[in-house]
Amino acid sequence: MNTTTELSFIHRFEPAGLPGLPPVLLLHGTGADENDLIGLGRAVAPGAALLSPRGKVLENGMPRFFRRLAEGRFDEADLRRRTEELADFIGAAREAYGLAAPIALGFSNGANIAAAMLLMRPEVLAGAALIRAMPPFADPPEADLADKPVLILSGSADPLVPLPVAERVAAQLADAGAGVEHKRVPGGHGLTQIDVAQLGAWFKARG
C-alpha cells in the first residue's frame, strides 16, 4: 500500500500476508520516513502486517518523532506530548485496519520513542525491538511491563550510544517488568546484517 495521509500521521500500511502474526509498528530514525523500514519489516517479520508512520518533527528538514535540545539531550516535554500523540494514532490505526496491539520495531530516534511509549502507554504495544536505543527519560514514569518482550540491539562501538547508556535503557525497562534481551553487536550506530539476523530470530519466536 502506498503512503496515505489518512488518520493523524502520514503513514504506510501493508496488510498481513499470513494469519496470526502480531503486526509490526515501524519507527524510523532521524532523516528517514515511512518508507525507510518497510524492507526491514518484510525481512524480519515476513507475512506480518506493517504500520509505518512518518515523524512529524523536522530538524533541519529531517523528520523525527520528537525534538532534541542537542545530540543525546531530549526535549522531554515534547517527547511526552509526541508519545501521547503517536499512541493515539496507533489506537486509531488499529481500529481502521483491524489490528491487534503491534510490536514496535524502532531504529535510533524511533527506538527512543518506542521506549518512551512502553513506559508512558504500555497498553499500546505488545512488545518492542529497539535498535540503538537511549533512555528516553532522566526520571522514567512507573509502568507495568510484565509479559512485554523487549529486544535491545546496541552497537559495541556506537559513538552516539555508548554501552553504559544503552544499559540504562535496558535497566529502566527491566525494572518495569519487561522481559528484556539486551544484545551487543559488532559495529557502530548503523544497522548491520547481524542486527537483521538477530531481529529475524526474535520475531520468529513471537509468531
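Residues numbered from 1 in each chain as written. Predicted model: local features only at pLDDT ≥ 70, side-chain atom pairs only at ≥ 80, totals over all residues. Heavy atoms only, no water.

Enquirer: Explanation requested: the pattern of salt bridges in the structure shown.
Expert: Side chains that differ in sign of charge can pair as their charged atoms come close. Enumeration according to the criterion identifies 15 salt bridges in this entry. Aspartate 78 serves as the salt-bridge partner of arginine 82, at 3.3 Å between the closest nitrogen and oxygen. In this pair, arginine 82 and aspartate 78 are both assigned in helix α2 (residues 76–97), four residues apart and thus about one turn of the helix distant. Accessibility assignment for this pair places arginine 82 and aspartate 78 in one class, buried. A salt bridge links glutamate 167 to arginine 184, with the nearest nitrogen and oxygen atoms 3.1 Å apart. Of this pair, glutamate 167 sits in helix α4 (residues 163–175) while arginine 184 sits in strand β11 (residues 179–185), and the two are 17 residues apart along the sequence. Assessed through its relative accessible area of 43%, arginine 184 is described here as partly exposed. Shared partners join several salt bridges into a network, and the residues in it are Lys56, Asp78, Arg81, Arg82 and Glu85. (Salt bridge = Lys/Arg side-chain N within 4 Å of Asp/Glu carboxyl O. Helix = DSSP H or I, 4+ residues; strand = E, 2+ residues; numbered from the N terminus. Buried < 20%, exposed > 50% of the residue type's maximum accessible area, 1.4 Å probe, protein only.)

Enquirer: Is there a simple way to explain the nonpolar core in this structure?
Expert: Generally speaking, soluble globular proteins have nonpolar side chains that are buried together. Leu27, Leu86, Leu130 and Leu173 are the most contacted members of the largest nonpolar core, which has 43 residues in total. In terms of residue count, the dominant contributor to this core is helix α3 (residues 109–120) (eight residues). Every residue in contact with leucine 130, bar those within four places of it in the chain, is listed here: Gly106, Ala111, Ala114, Ala115, Val150, Leu151, Ile152, Leu153 and Leu173. (Core = buried A, V, L, I, M, F, W, Y, C linked by side-chain atoms within 4.5 Å. Contact = heavy atoms within 4.5 Å.)

Enquirer: What exactly am I supposed to notice about the pairing of strand β3 (residues 50–53) here?
Expert: Side-chain positions along a regular strand alternate between the two faces of the sheet. In β3, alternate side chains face the same way, and those of Leu50 and Ser52 on one face and Leu51 and Pro53 on the other are all buried. The pairing of strand β1 (residues 11–14) with β3 spans four bridges and is antiparallel. Across the sheet, the residue bridging to glutamate 14 is leucine 50, located in β3. With two bridges connecting them, strand β2 (residues 24–27) and β3 associate as parallel partners. Looking across to β3, one finds that valine 24 is bridged to leucine 50. In this fold, the crossover linking β2 to β3 by way of helix α1 (residues 38–44) has right-handed handedness. (Pairing = 2+ DSSP bridges. Right-handed = clockwise from strand over helix to strand, strands pointing away.)

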